[in-house]
Amino acid sequence: MKFNLKLNLIIGSFLLTSINAEAKEFNGGADMTILTPVSKVLAQPENYYVIPTTIMGTVVKVCQKRGCWMQLASDKAYETLTIKVPDGKMVFPMADMGKTAYATGVLNAIELTLAQTNQRLKSQDKPSVTEPMTLYRFSPTGVTIVD
Amino acid sequence: MTLIFAISGIALNHIHQWNSNYDVTQTKVKIALLATKINQTDFEPWLLTQLNESGIIKARFWQDKDTYKLFIKNKTLFVLPKQNLVMIEEVKPRVLLRQLNFLHLNEAKKAWTWFSDLYAFMLIFLALSSMFMIKGKRSVFGKRSIIVLAGFAAPAGFVIYYAS
């Protein structure tokens, strides 16, 4: 009985302490050899729908609840690109805001209707438009976050 | 182990109503002359002094023309120069619940995957073997089969109702 209790305490404390170690790589990490600036990816998005590339940027926003997306600052002013993974595939910690993230993957284009576009702009306190917009999301296969 | 999955299961089911991973607090501070100071070279140390913050600024980013974001450890400073306002957003991981959710969602991967798989197999064994422990009239093939069927019926009912 005493032995079992000790064993449980050892296993439990090992698990709880090991999770404090910061996970810097997700799914094997990013491929640093194919780095492309976010501004270049967003300027010619069609080039990155199939061929994987690696983007880099400061983490400026993270999904608070499930950690399933994070927003990276572009090298161009006011521009960002959101990287999104299916729930649970990778979990990005909120504590990583302000760190630099590298993500390898492909770009996805989401065509919004005019109503969806204006609804989105309204929620951001921006004026409505007459043309629907395309939303870009980056789907990563590997991510590396450095401080 | 059962408690880890049960407690975090409830926490994760209700994460849209209550963030069980992080305690996020926002504090607003009015600072005079912010719009003037933001263009000066000593702006960042001056701002940290005004806010009584001792952290090191890790990164900075203009979110839009009116919002400048500064990142220090576990805090984001939203600087709104036109309003002479700084909003401090602090993120604190919740004690224990964050760790339980971490394990439940298998963020650890590696050895934890195998360890939790082993536990799951043991639960499967427990569930299946318990059905055949009692022989005779009170066995699972007698009247008590209703209890087993009820166990299958509840999740099946939800699937039929919600997934159809």
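Residues numbered from 1 in each chain as written. Chains lettered and ligands numbered in written order. Predicted model: local features only at pLDDT ≥ 70, side-chain atom pairs only at ≥ 80, totals over all residues. Heavy atoms only, no water.

A few words now on the interface of chain B and chain A. Listed as interface residues are 28 residues of chain B and, on the opposing side, 26 residues of chain A. Summed over both sides, the interface of chain B with chain A buries roughly 2400 Å², with 64% coming from carbon and sulfur. Considering only the surface of chain B that becomes buried against chain A, B:Tyr22, B:Lys58 and B:Phe61 emerge as the three largest contributors, covering 20% of it. Along the contact surface separating chain B from chain A lie zero salt bridges. Taken together, the connections running from chain B to chain A amount to eight residue pairs in polar contact (both at pLDDT 80 or more). (Contact = heavy atoms within 4.5 Å. Buried area = accessible area lost by both parts, 1.4 Å probe. Salt bridge = Lys/Arg side-chain N within 4 Å of Asp/Glu carboxyl O. Polar contact = N/O pair within 3.5 Å; in protein donor to acceptor, adjacent residues only side chain to side chain.)

Under the defined criterion, the tally for this structure stands at eight aromatic pairs over all chains. Plain terms: the ring middles of A:Phe26 and A:Phe92 are 5.3 Å apart, the flat faces sit at 75° to each other, and that makes the pair edge-to-face. One end of the pair, A:Phe26, is in strand β1 (residues 25–26); the other, A:Phe92, is in the loop between β4 (80–84) and β5 (100–111), and 66 residues separate them in sequence. Each of the two residues, A:Phe26 as well as A:Phe92, counts as buried. Between the aromatic rings of B:Phe158 and B:Tyr162, the centroid separation amounts to 6.2 Å while the plane-to-plane angle is 5°, which identifies the pairing as stacked. In this pair, B:Phe158 and B:Tyr162 are both assigned in helix α6 (residues 145–163), four residues apart and thus about one turn of the helix distant. Of the two residues examined, B:Phe158 and B:Tyr162, each falls in the exposed class. (Phe/Tyr/Trp six-rings, centres within 6.5 Å; stacked < 30°, edge-to-face > 60°. Helix = DSSP H or I, 4+ residues; strand = E, 2+ residues; numbered from the N terminus. Buried < 20%, exposed > 50% of the residue type's maximum accessible area, 1.4 Å probe, protein only.)

Let us look at a positive patch on the surface. Residue and element names in this part refer to chain B. A cluster of basic residues, Lys137, Arg138, Lys143 and Arg144, forms a positive patch on the protein surface. Inspection of the secondary structure puts Lys137 in the loop between α5 (110–131) and α6. Judged by relative accessible area, Lys137 falls into the exposed class, the value being 79%. (Patch = residues over 30% accessible without salt bridge, like charges linked within 9 Å, V, L, I, M, F, W, Y side chains within 5 Å. Areas by Shrake-Rupley, 256 points an atom, 1.4 Å probe, with all protein chains shown as cover. Lys, Arg positive; Asp, Glu negative; His and termini not counted. Charge placed at Lys NZ, Arg CZ, Asp CG, Glu CD.)

Once that is clear, we can look at the confidence of the model for chain B. With 100% of its residues at a pLDDT of at least 70, chain B reaches an overall mean of 92. In the model output, the complex is listed with pTM 0.77 alongside ipTM 0.74. (pLDDT = per-residue confidence, 0-100.)

Here B:Thr67 is to be found in strand β3 (residues 67–72). Residues in contact with B:Thr67, not counting those within four places in the same chain, are B:Phe61, B:Trp62, B:Phe78, B:Val79 and B:Leu80.

Residues and elements named next belong to chain A. Using the criterion set out here, one finds seven salt bridges over all chains in the structure. Its salt-bridge partner being Arg66, residue Asp87 comes within 3.6 Å of it at the nearest N-O pair. One end of the pair, Asp87, is in the loop between β4 and β5; the other, Arg66, is in the loop between β2 (53–62) and β3 (69–73), with 21 residues separating them in the sequence. For Arg66, a relative accessible area of 25% gives the class partly exposed.

Another aspect to go through is α6(B). With 19 residues, α6(B) should reach 27 Å at 1.5 Å per residue; the first-to-last C-alpha distance of 27 Å fits that figure. Along α6(B), only zero of the 19 residues are buried, which leaves the element largely exposed. (Expected span 1.5 Å × (residues − 1).)

Core analysis: the biggest nonpolar cluster contains 30 residues, and A:Ile55, A:Met70, A:Ile83, A:Phe92 and A:Val143 have the highest contact counts within it. Elements with a contribution of two residues or more to this core: α2 (38–43), β2, β3, β4, β5 and β6 (134–146) of chain A together with β2 (59–64) of chain B. The dominant element in this core, judged by the number of residues it contributes, is β2(A), at four residues. Ignoring sequence-local partners within four residues, the contact set of A:Met70 consists of A:Val59, A:Lys61, A:Val62, A:Leu81, A:Thr82, A:Ile83, A:Phe92, A:Ala101, A:Val143 and A:Ile145. B:Ile31, B:Leu70, B:Leu77 and B:Val86 belong to the second-largest nonpolar core, a separate cluster that totals 16 residues. (Core = buried A, V, L, I, M, F, W, Y, C linked by side-chain atoms within 4.5 Å.)

Residue and element names in this part refer to chain A. For β3, a buried count of four out of five residues is recorded, marking the element as mostly surrounded by other parts of the structure. Where β2 lies against β3, three bridges are found, and the strand directions are antiparallel. Across the sheet, Lys61 pairs through a bridge with Gln71, a residue of β3. Sheet topology places β3 next to β4; five bridges connect them, and they run antiparallel. Bridge pairing in β4 links Met70 to Ile83. Taken together, β3 and the strand that follows it, β4, pair antiparallel across an intervening segment of six residues, in which Tyr78 is found at a positive phi of about 65°. (Pairing = 2+ DSSP bridges.)

A few words on the sheet that holds strand β1 (residues 22–30) of chain B. Residues and elements named next belong to chain B. As summarised here, the arrangement of the five strands in space is β1-β5-β4-β3-β2, forming an open sheet in which the pairing is antiparallel. For this open sheet the edge positions go to β1 and β2, each flanked by a neighbour on one side alone. Neighbour-to-neighbour, the strand axes of the sheet open up by a mean angle of 20°, direction not taken into account. Bridge count for β1 against strand β5 (residues 85–93) is nine bridges, and the pairing is antiparallel. If you follow Gln26 over to β5, its bridge partner there is Glu89. Here helix α3 (residues 43–50) sits on the sheet in contact with β2, β3, β4 (75–80) and β5, set at roughly 75° to β3. (Axes fitted to C-alpha atoms, helices over the stretch in contact; angles between N-to-C directions.)

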